[in-house]
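In case you want the letters, here they are:
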Amino acid sequence: MSLIKRFTVTVAAALLAGPLLTVPAAHAAGTYVCESGTFFERGPVGGPPIWHAWGNPCTGSGDGGAGVITISSGPSAGTYQCDRVTLLSPTWASGSTCVKL
């Protein structure tokens, strides 16, 4: 293979692989552990149910993206995967569009 052909293949491979290097790995953006909380249904009237989870006091971190809320005690104790988890205050975590794991 000629030097020019090798160079062209190398450049093409680098251009194709470049965007993949900037895509973050898929993972939960936030993880919170809460002493107590609730898992409840709320959605538009006549529409499909949307499940939410919230807890307090909570510890953990995240950036407002997909995440996990674990409620340690009470009737809603369990772990919930949510499309969006937000820390509402230093101790309150809220998740929307959640499913119990």
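Everything that follows concerns the structure shown earlier in this document.
Because the structure is a prediction, the values reported are computed rather than measured.

A word on the state of the cysteines. Across all of its chains, the model carries 2 disulfides by this definition. Across a sulfur-sulfur distance of 2.1 Å, Cys-82 and Cys-98 are joined as a disulfide pair. Between Cys-82 and Cys-98 the disulfide shows an S-S torsion of about 105 degrees. By sign, it is right-handed. Of this pair, Cys-82 sits in strand S4 (residues 78-87) while Cys-98 is found in strand S5 (residues 93-100), placing the two residues 16 residues apart along the sequence. For Cys-82, a relative accessible area of 0% puts it in the buried group. Taken in N- to C-terminal order, the disulfide-linked cysteines of the protein are connected 1-2, 3-4.

It is worth spelling out the environment of Val-68 at this point. Mapped onto the elements, Val-68 comes out in strand S3 (residues 67-71). Considered as a pair, Val-68 and Leu-101 are 33 residues apart in the sequence and their alpha carbons are 9.5 Å apart.

Time to look at the environment of Val-33. Within the secondary structure, Val-33 is located in strand S1 (residues 30-41). With 39 residues separating them along the chain, Val-33 and Ser-72 place their C-alpha atoms 7.2 Å apart. Sequence-distant contacts of Val-33, that is, excluding residues within four places in its chain, are made with Pro-57, Cys-58, Thr-59, Thr-70 and Ser-72.

Of note, the amide linkage connecting Asn-56 to Pro-57 takes the cis form, showing an omega dihedral of -15 degrees. Tracing the backbone shows Pro-57 in strand S2 (residues 51-61). The phi angle at Thr-97 is positive, at roughly 50 degrees, despite the residue not being glycine. Within the secondary structure layout, Thr-97 lies in strand S5.

Attention now goes to the pairing of S2. As judged from the 10 bridges shared by S1 and S2, these two strands associate in the antiparallel manner. Bridged to Phe-40 within S2 is His-52. Bridge analysis of S2 against S5 gives 4 bridges, and the strand direction is antiparallel. Within S5, the position partnered with Trp-54 by the bridge is Ser-94.

Rules used throughout
Residues numbered from 1 in each chain as written. Predicted model: local features only at pLDDT ≥ 70, side-chain atom pairs only at ≥ 80, totals over all residues. Heavy atoms only, no water. Disulfide = S-S within 2.5 Å. Helix = DSSP H or I, 4+ residues; strand = E, 2+ residues; numbered from the N terminus. Buried < 20%, exposed > 50% of the residue type's maximum accessible area, 1.4 Å probe, protein only. Contact = heavy atoms within 4.5 Å. Pairing = 2+ DSSP bridges.

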